[in-house]
Amino acid sequence: MSDNNDNQNTQRMLLSGDEAVAHAAINANVALGTGYPGTPSTEIIETFNQLGGRAEWSPNEKVAFEVALGAAFAGARALVTMKHVGLNVAADPLFTAAYTGVGGGMVVVSADDPGMASSQNEQDNRYYARAAGVPMLEPADSQEAYDFTLRAFELSEQFGTLVLLRMTTRSCHSKTVVTVRTGEPQRSARLHYERDVASRVMIPANARPAHRRLRQRMDEITAFAETCDLNVVYTGDGRTPTLGIVTSGVSYMHALEAAPHAGFLKLGLTWPLAIEKIRAFATSVDRCVVIEEGEDLLAGDLRAAGLNVESKETIFSFGELTVDRARRILRGDRSPEPTPQKSKPPQLCKGCPHRAAFEILRRLGCIVAGDIGCYTLGVLPPFEAMDTCVCMGASIGVGLGMRHVLPDDEAKKVVSVIGDSTFVHSGLTGLVEMVYNPPPTGHVVLVLDNGTTAMTGFQEHPGTGRRMDHTRVRRLSFEDIARSAGVERVEVVDPQADKADFERALAEALSSGKLCMIVARRPCLLAAARVRKQQIKEGRHAE
Amino acid sequence: MQNSDIANDAVSVVIAGLGGQGVVKASDILSDAAFEAGLDVKKSEIHGMSQRGGAVTSDVRFGRRVLSPMVPHGQAGFLVALASDQLEPNRWLLREDGLAIGPGEVDVAMLPSARCLNVAILGVLSTHLAIDEDCWRQAIEANLPLAVRPANMQAFEIGRRAGDHSRTRQGDIEK
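What you see is a predicted model; the values in this text were computed from it and never measured.

## Some details on the overall build of chain A
When helices and strands are tallied, chain A shows 22 helices and 18 strands. Taken over the C-alpha trace, chain A has a radius of gyration of 25 Å; the compact-globule value for 543 residues is 24 Å, and the two agree within 12%. With respect to the principal axes defined by its C-alpha atoms, chain A has extents near 75 × 60 × 55 Å. Summarising the internal contacts of chain A: among those between residues at least 6 apart in sequence, 73% fall at separations of at least 24. As displayed, chain A offers around 22500 Å² of accessible surface, 51% of which is attributable to carbon and sulfur atoms. Each charge class in chain A was averaged separately, 59 positive and 65 negative side chains, and the resulting centres sit 3 Å apart.

Structure follows, in structure tokens:
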């Protein structure tokens with residue numbers, strides 16, 4: 001916790017993991033930061049922007065990834081951030097970018113949500129490093145989030161591959177003490193595009209050798225992993241411990257608190273595995289236990305390599321790991337865990353314009369194909385007016401599928417309900433599908449346009465007419481897009497000012513048998529106050 | 001390397017309340033105060049869905065060295081509840097000899113604004129912690145805009161006096 005290192009100016013700060021990544025990105029001279037908002041990753045790009053970094057929200061994670069990849073192809077350092085399910089959206093470029101490699105360093109942050117504090121699943125994105133063939137770093141606290149981001153850019157350039165930085169809800173949102181470097185980042189040299197068709201144009205003739213290069217590169221990184229200081233052995237009191245624990249990320253903190261006298265092999269570079277280093281550690285102790293959050297992934301890999309390690313019971317694969325759970329794993333305790341009292345669930349705010357929408361959907365007896373956002377809360381009492389919610393944009397496709405197969409009297413009740421930011425993210429292709437393959441009973445897409453990405457903390461998107469930093473830009477018009485795509489009935493209503501008109505519009509659309517879009521436009525109460533502030537600021541500048 | 005000096009002497013505080021009550025702000029102030037005092041600090045809470053009026057808790061731990069950012073069950077030295085109905089659901093987090101501080105400890109009518117309740121209750125908590133008053137003041141300044149600082153400083157003082165008063169009374173009873 002020293003305030004000064006030898007040659008560098010440093011500052012002691014209390015930062016979240018997200019903020020720490022942003023500070024490191026500034027220090028690493030990242031030329032462009034991109035992303036799509038998603039808890040728990042959102043604050044990385046926002047902080048990077050506030051610290052003076054050039055940053056943007058993209059329409060979705062795939063586009064954000066591709067923009068970052070282009071910057072890295074051009075020789076610049078690029079950072080792209082997303083939540084775990086966002087990496088599914090960006091998986092297409094991820095797998096082939098693993099073949100192409102990068103020019104400038106590229107770091108992809110995957111922020112996982114074990115325990116699903118704010119997500120539709122708790123998928124374990126450590127699988128992506130294995131599946132795509134790219135290295136993965138996992139920080140345990142904000143200091144490591146800072147240090148590992150810097151290291152990730154170095155590794156990316158050293159080995160010519162993008163690097164996955166996997167964080168979790170706890171490493172993203174916990175604030176811990178960090179020593180950061182201060183002072184101006186070095187100025188980057190003028191960039192120039194170096195043509196490299198064999199590496200960058202993935203036609204089969206180029207991709208076949210690229211696949212071999214990828215495997216060779218991973219072998220080189222494996223050799224690096226065996227000796228690098230990202231994977232560290234800690235021995236309890238200096239004597240050879242009888243209990244050894246292999247772990248990574250925030251699980252290390254839980255396990256260390258649960259068993260302070262054990263020996264630890266803490267993996268920072270969690271893919272590719274330093275298998276010989278782990279083997280040496282495992283054989284040096286009487287009992288070796290793998291403590292990992294999420295799937296039984298590391299333990300499975302170690303057993304496949306012939307190591308004799310213990311791992312957790314399946315019951316601990318659901319939800320977050322904790323100190324209590326680490327103790328139970330070490331004791332082999334399978335007894336029922338204490339369950340917290342049910343806490344008060346979240347709800348739509350008083351005065352939220354979505355409230356009227358769900359009241360009316362319920363009253364009209366609609367079958368609601370829902371989507372991801374604040375409005376997913378329409379499933380809870382008192383509304384209970386949502387029937388499906390799967391992933392970003394799924395409302396439109398799922399609604400169309402139902403319309404295609406249900407008998408007419410039921411099909412006519414199906415409505416796809418999607419928010420403004422979600423519509424831009426992945427509703428556009430669904431809309432095109434609706435016009436291309438219209439169900440016999442027509443269909444109704446209801447866009448709940450509250451003028452912000454509310455759920456993740458009021459981020460801008462193309463439909464708000466403002467960029468990440470709230471400066472004005474041309475606004476994407478949902479109704480113009482629908483009309484030009486060939487949607488037959490397009491109507492804009494205010495769901496709060498005139499509820500009767502909103503109900504009329506929806507009832508007419510449902511009985512019309514046509515392809516319809518209703519845009520229910522009314523700003524989110526909480527976002528509207530922020531927009532007003534911004535307008536006042538702009539007014540002052542104009543004067 | 002050695003796991004030297006792993007002290008489990010960290011102070012663990014759980015702050016509980018409802019979305020909009022300033023739970024996260026209170027935990028920011030507490031963790032900044034401990035940070036200003038030169039201690040190791042970890043603070044953790046869940047963002048996202050819980051912002052929409054639901055129950056929110058935030059864990060703050062500080063000491064010579066803090067490991068897990070989350071307070072293990074039954075190990076909180078202090079449970080600070082900004083809403084009285086959030087005391088019981090979170091009591092299981094409290095250590096046997098831990099202290100629960102509820103909104104009833106402060107007379108809300110005395111506060112410059114009901115919105116300062118979170119800072120007033122931190123005032124009560126502060127009388128139980130070895131963190132300098134200066135560190136608290138710096139933390140409050142760092143976390144609140146200029147316009148509301150005087151009201152919150154006043155609320156903190158009111159909470160501090162309430163805390164001192166109840167501690168004295170407890171002392172009397174023990175004697």
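## Considering a nonpolar patch on the surface
Residue and element names in this part refer to chain A. A surface patch of nonpolar side chains, amounting to about 220 Å² of accessible area, comprises Val197, Val201 and Ile203. Along the chain, Ile203 turns up in the loop between α9 (197-200) and α10 (204-227). Here Ile203 falls in the partly exposed class, since its relative accessible area comes to 45%.

## Regarding helix α4 (residues 133-143) of chain B
All names here are of chain B. Turning to α4, its buried residues are Cys135, Trp136, Ala139, Ile140 and Asn143. Down the axis of α4, the buried set is contained in an arc of 135°. They therefore lie on one face. Pointing more than 90 degrees away from the buried face of α4 are the exposed residues Asp134 and Ala142.

## Thoughts on the sheet that holds strand β18 (residues 515-521) of chain A
Residues and elements named next belong to chain A. In space, the five strands of this open sheet follow the order β14-β15-β16-β18-β17, with parallel pairing throughout. The open sheet has two free edges, formed respectively by β14 (367-369) and β17 (489-493), since each of these has just one partner strand. Going across the sheet, the axis of each strand differs from the next one's by a mean of 20°, ignoring polarity. Sheet topology note: the β17/β18 ladder contains five bridges and is parallel. The partner of Arg489 across the bridge, within β18, is Cys516. Most of the contacts of helix α16 (residues 394-405) go to strand β15 (residues 414-419), to which it runs at about 175°, and overall it touches β14, β15 and β16 (443-449). This element, helix α21 (residues 499-512), spans β15, β16, β17 and β18 of the sheet and lies at about 165° to β17.

## Considering the packing of helix α1 (residues 23-36) of chain B against helix α3 (residues 117-126) of chain B
All names here are of chain B. At a closest axis distance of 9 Å, the pairing of α1 and α3 adopts a crossing angle of 40°. What the angle tells us is that α1 and α3 run oblique. Taken as a pair, α1 and α3 cross one another with a handedness that is right-handed. Counted together, Lys25, Ala26, Ile29 and Leu30 of α1 and Asn118, Val119, Leu122 and Leu125 of α3 form the full contact between these two elements.

## Things to note about the sheet that holds strand β6 (residues 136-137) of chain A
All names here are of chain A. One open sheet accounts for seven strands, arranged β3-β2-β4-β5-β7-β6-β12; its pairing is mixed. Here the strands that pair on one side only, and so sit at the sheet edges, are β3 (55-57) and β12 (269-271). Pairing of β6 with β12, which is carried by two bridges, proceeds in the antiparallel orientation. Paired with Met136 across the two strands is Trp271, which belongs to β12. The sheet contacts of helix α1 (residues 17-27) involve β4 (78-83), β5 (106-112) and β7 (163-168), and relative to β7 the element is tilted by about 155°.

## Remarks on the pairing of strand β3 (residues 55-63) of chain B
Residues and elements named next belong to chain B. In terms of burial, β3 is a largely internal element, eight of the nine residues being buried. Relative to β3, strand β1 (residues 11-18) runs antiparallel, the two being bridged by eight bridges. By the bridge assignment, Gly17 is partnered in β3 with Val56.

## A few points about the side chain of Asn143 of chain B
In this structure, Asn143 of chain B sits in helix α4. Beyond its immediate sequence surroundings of up to four residues, Asn143 of chain B is in contact with Lys25, Asp28, Ile29 and Asp32 of chain B.

## A few points about the environment of Thr47 of chain A
Residues and elements named next belong to chain A. Position of Thr47 relative to the elements: it lies in helix α2 (residues 43-50). Considering only alpha carbons, one finds Thr47 and Asp18, 29 residues apart in sequence, at a separation of 8.0 Å. Among residues more than four places away in sequence, those in contact with Thr47 are Glu19 and Ala22.

## Notes on helix α3 (residues 61-73) of chain A
Residues and elements named next belong to chain A. Taking 1.5 Å per residue as the helical rise, α3 with its 13 residues ought to reach 18 Å, and the 18 Å between its terminal C-alpha atoms agrees with that figure. Listing the buried residues of α3 in full gives Glu61, Ala64, Phe65, Ala68, Leu69, Ala71, Ala72 and Phe73. Where α3 begins, the side chain of Asn60 points an oxygen toward the backbone nitrogen of Lys62, at a separation of 3.0 Å.

## Quick look at the interface of chain A and chain B
If you look at the interface, chain A gives 53 residues, while chain B gives 39 residues. A buried area of about 3900 Å², summed over both sides, lies between chain A and chain B, and 58% of it is on carbon and sulfur atoms. It is Arg170, Lys175 and Glu257 of chain A in chain A that bury the most area against chain B; as a group they hold 15% of the surface buried on that side. Applying the counting rule to chain A against chain B returns two salt bridges. Residue Arg61 of chain B is joined to Glu257 of chain A by a salt bridge in which the shortest nitrogen-to-oxygen separation is 2.8 Å. Across the contact surface, chain A and chain B share 10 residue pairs in polar contact (both at pLDDT 80 or more). For the side of chain A that touches chain B, the secondary-structure elements that each account for two or more residues are β1 (10-16), α8 (169-173), β8 (175-181), β9 (231-234), α11 (250-258) and α14 (323-331) of chain A. It is α11 of chain A that contributes the most residues to the side of chain A that touches chain B, six residues altogether. Within the side of chain A that touches chain B, the residues separate by chemical class into 27 nonpolar, 15 polar and 11 charged.

Here is what the cut-offs are and how they apply
- Residues numbered from 1 in each chain as written.
- Chains lettered and ligands numbered in written order.
- Predicted model: local features only at pLDDT ≥ 70, side-chain atom pairs only at ≥ 80, totals over all residues.
- Heavy atoms only, no water.
- Helix = DSSP H or I, 4+ residues; strand = E, 2+ residues; numbered from the N terminus.
- Rg over C-alpha atoms; globule rule 2.2 N^0.38 Å.
- Contact = heavy atoms within 4.5 Å.
- Areas by Shrake-Rupley, 256 points an atom, 1.4 Å probe, with all protein chains shown as cover.
- Lys, Arg positive; Asp, Glu negative; His and termini not counted.
- Charge placed at Lys NZ, Arg CZ, Asp CG, Glu CD.
- Patch = residues over 30% accessible without salt bridge, like charges linked within 9 Å, V, L, I, M, F, W, Y side chains within 5 Å.
- Salt bridge = Lys/Arg side-chain N within 4 Å of Asp/Glu carboxyl O.
- Buried < 20%, exposed > 50% of the residue type's maximum accessible area, 1.4 Å probe, protein only.
- Arc of directions from axis to C-beta.
- Pairing = 2+ DSSP bridges.
- Axes fitted to C-alpha atoms, helices over the stretch in contact; angles between N-to-C directions.
- Parallel < 35°, antiparallel > 145°, perpendicular 65-115°, else oblique.
- Left-handed = near helix turned anticlockwise from the far one by under 90°.
- Expected span 1.5 Å × (residues − 1).
- Polar contact = N/O pair within 3.5 Å; in protein donor to acceptor, adjacent residues only side chain to side chain.
- Buried area = accessible area lost by both parts, 1.4 Å probe.
- Nonpolar A, V, L, I, M, F, W, Y, C, P; charged D, E, K, R; others polar.

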